[in-house]
Amino acid sequence: MNKLELIKEKLKNYDGEELRFMEVCGTHTAAISENGIPGMISPKIHLISGPGCPVCVTVTAVIDRLTELALTDNTTVLTFGDLLRVKGSKMSLADARANGGSVEMLYSPMDAVKMAKNNPDRNYVFAAIGFETTTPVYAMVLKEIISQDVHNLKLLTSLKTMPQVIRWVCKNTDNIDGFLAPGHVSVITGSDLFKELSEETGLPFVVAGFDGKGLLAAVYALCGMKGESGIKNVYKSAVTEKGNEEARKAVSEFFEPCDASWRGMGMIPGSGMRLKKEYSEYDAGSYGLDEDHMPPGCSCARVLTGEISPDECPLFGNKCTPEDAHGACMVSTEGSCYNYYISGRKKR
Ligand code: SF4
């Protein structure tokens, strides 16, 4: 029996105490469902989705500001696809577009600079949403805006960072036995970031990749580390201890840490990034966008913190489906409700 088969057998036949591991990365949430990982492991090992999908954790005040901008004369909002259908307190960007607003989907961030240059008389606002993984991309966009002397493109930022939200989860939940540390974030931050968090929380962290084999190896490693702090990196092909220092340097040139509001969790001190004061002319009004009005009946807040699984929300699969999503976690392809729905996954 090779090593992978041995891991599969041990995970399938695990019969010890119940274990709960949280992933805090939307791509992991999607990869776990796509690879059918829950069906390959013992029902005593529970994989819980945490606040790792950037679209899902964006508060309604940010969507409201974007829809307001989309409906402003001579202004176009540029966004990646997943944000389009997320409802604000009144409407989504898709609704704003249907009501005559201007919203364009981006396939590459640098297209934003091209569009602004090609249409100098129109104002553009780029919805800059994401975690440590995407903030360096926005730093590159800013560098281009400045070097190409573009004055009609601004960013509306809602940027989050991992450490403080993981601390928040650990403070507010006492039944997590370990974390699958986010692979893409770790490429930038380095695995050392989780060493510190592990020491603080007393929980194990395993840096995981995104294929089935890597995910199983990570879950298996977490089972072996139960009850201890420590970090393992089973994604060494992409993640080093120190991460990408150049990307972090580019980020720190334009952005600084700030408090940030998270859907379902409220304000978490030091959990976001915002444009530095000296670059405020490139900001489209990102400050103070903290309010959150979730759609009535939506349990995204409880899903995002791992308190309930998506199929425990009363609207799941009836009033809320990917075709007619009620909450953000069903809109995004990285959302836990969406992934539960399309994979037919159930709480076990
Ligand atoms: S099923 Fe829909 S309404 Fe319920 S928590 Fe998920 S996104 Fe929100």
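A brief structural summary.

Cut-offs applied
- Residues numbered from 1 in each chain as written.
- Predicted model: local features only at pLDDT ≥ 70, side-chain atom pairs only at ≥ 80, totals over all residues.
- Heavy atoms only, no water.
- Near = heavy atom within 4 Å.
- Helix = DSSP H or I, 4+ residues; strand = E, 2+ residues; numbered from the N terminus.
- Nonpolar A, V, L, I, M, F, W, Y, C, P; charged D, E, K, R; others polar.
- Pairing = 2+ DSSP bridges.
- Axes fitted to C-alpha atoms, helices over the stretch in contact; angles between N-to-C directions.
- Contact = heavy atoms within 4.5 Å.
- Buried < 20%, exposed > 50% of the residue type's maximum accessible area, 1.4 Å probe, protein only.

1. Some words on the site of the ligand
Then, in step 1: In the neighbourhood of the ligand, the contacting residues comprise Cys298, Ser299, Cys300, Val303, Cys313, Leu315, Phe316, Cys320, Gly327, Cys329, Met330 and Cys337.
Then, in step 2: Looking at the shell around the ligand, the elements that each hand over two or more residues are helix H13 (300-304) and helix H14 (328-331).
Then, in step 3: In terms of residue class, the shell around the ligand is built from 10 nonpolar, 2 polar and no charged.

2. Quick notes on the sheet that holds strand S6 (residues 153-160)
Strand pairing in a sheet takes place through backbone hydrogen bonds and is either antiparallel or parallel in direction.
Then, in step 1: Strand order in the open sheet made by the 6 strands is S4-S3-S5-S6-S11-S10, with mixed pairing throughout. The sheet is open, and its two edges are formed by strand S4 (103-105) and strand S10 (255-262), each paired on a single side. This sheet shows a mean twist of 30 degrees between the axes of neighbouring strands, independent of strand direction.
Then, in step 2: Together, S10 and strand S11 (266-275) form the strand contacts of helix H12 (residues 245-254), whose direction differs from that of S10 by roughly 85 degrees.

3. Here's the deal with the environment of Met273
Then, in step 1: Here Met273 is to be found in strand S11.
Then, in step 2: As for Met273 and Asn123, which are separated by 150 residues in sequence, their C-alpha atoms are 24 Å apart.
Then, in step 3: When neighbours within four sequence positions are excluded, Met273 is seen to be in contact with Leu159, Thr161, Val251, Phe255, Glu256, Pro257 and Cys258.

4. What about unusual backbone geometry?
Then, in step 1: The backbone phi angle of Asn74 is positive, close to 60 degrees, even though this residue is not glycine.
Then, in step 2: With respect to the secondary-structure elements, Asn74 resides in the loop between helix H4 (60-70) and strand S3 (75-79).
Then, in step 3: With phi around 55 degrees, Asp149 is a residue other than glycine that occupies positive phi space.
Then, in step 4: Position of Asp149 relative to the elements: it lies in the loop between helix H7 (135-147) and S6.
Then, in step 5: The exposure class assigned to Asp149 is exposed, which follows from its relative accessible area of 55%.

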